[in-house]
Amino acid sequence: MIISCGGNDEITLFNGKDLTGWEIYGTEKWYVEDGLLISESGPNKEYGYLGTKENYKDFELNLEFKQEADGNSGVFVRSTVDGTKVSGWQVEVAPPNLHTGGIYESYGRGWLIKPEPEKESALKYGDWNKMKIIVTGDRIISYLNDVEMVDFSDEKIGEGEGGILLQIHDGGGIKVYWKNIVLKPL
């Protein structure tokens, strides 16, 4: 089902209590504690995803994240998962100077666009960060702490369909906290 309605109705994707509306892909840990959504490497140290059960086409997504340990993660848009192989586009969440806010296509073309080097300082590593992602038609704009990180248009993105996915990178030792995940259909 594709949600692509107009209006200003915001959808709270994470209720602060449990994983209602989400589906876990892989063996990595996704749990709720003290009102926060926590993603953490599991014993297999593989890729893991937490995806919305609904698909979203054009939207503004606002969320907050805080990285602990390695902190390599991401927010996928218009994406699908088969096992732990994802198809879609990731707005990167990474340690300092590793392109948070850039757009990466897993199992495809790789990096599509990275933020300019001077924008890397927008990340507050180890503290709460606000991310805004606007997806309309073939265009994605990402913001980190009110700094526009990238503005990218691509025909393949325009054709994409799928949900919102949060990622935990492979390799182990990763822990990322999430809160205030709110989507506004456009």
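The structure displayed is predicted, hence computed values, not measured ones.

The next subject is the layout of surface pockets. If you add up the space inside the largest pocket, you get close to 200 Å³. For the largest pocket, the lining is made up of 13 residues, of which Tyr-47, Gln-90, Tyr-104, Gln-167 and His-169 are closest to its centre. Of the residues contributing to the lining of the largest pocket, the split by class is six nonpolar, six polar and one charged.

Once that is clear, we can look at the packing of aromatic side chains. Summed over all chains, the structure comprises three aromatic pairs. Ring geometry for Tyr-49 versus Phe-76: centroids 5.7 Å apart, planes at 80°, classification edge-to-face. Placement of the pair is Tyr-49 in strand S6 (residues 48-52) and Phe-76 in strand S9 (residues 73-82), with a sequence separation of 27 residues. The exposure class assigned to Phe-76 is buried, which follows from its relative accessible area of 0%. Judged by centre distance (6.1 Å) and plane angle (50°), the rings of Phe-65 and Trp-178 are tilted. A residue pair is termed long-range when its members are at least 10 positions apart, and Phe-65 in strand S8 (residues 59-69) and Trp-178 in strand S17 (residues 174-185) qualify at 113 residues. For Phe-65, a relative accessible area of 0% corresponds to the buried category. A relative accessible area of 0% means that Trp-178 is categorised as buried. Above the plane of the ring of Tyr-177 lies Lys-66, whose end atom (NZ or CZ) is 5.4 Å from the centre. Here the basic side chain of Lys-132 rests over the ring of Tyr-143, its NZ or CZ set 4.9 Å away from the ring centre.

Thresholds, definitions, all that
Residues numbered from 1 in each chain as written. Predicted model: local features only at pLDDT ≥ 70, side-chain atom pairs only at ≥ 80, totals over all residues. Heavy atoms only, no water. 1 Å grid on protein atoms, 1.4 Å probe; cavity = no way out; pocket = protein on both sides within 12 Å on 5 of 7 lines; lining within 4 Å. Points joined across faces, edges and corners; volume = space filled by probe spheres on them. Nonpolar A, V, L, I, M, F, W, Y, C, P; charged D, E, K, R; others polar. Phe/Tyr/Trp six-rings, centres within 6.5 Å; stacked < 30°, edge-to-face > 60°. Helix = DSSP H or I, 4+ residues; strand = E, 2+ residues; numbered from the N terminus. Buried < 20%, exposed > 50% of the residue type's maximum accessible area, 1.4 Å probe, protein only. Lys NZ or Arg CZ within 6 Å of the ring centre and 35° of its normal.

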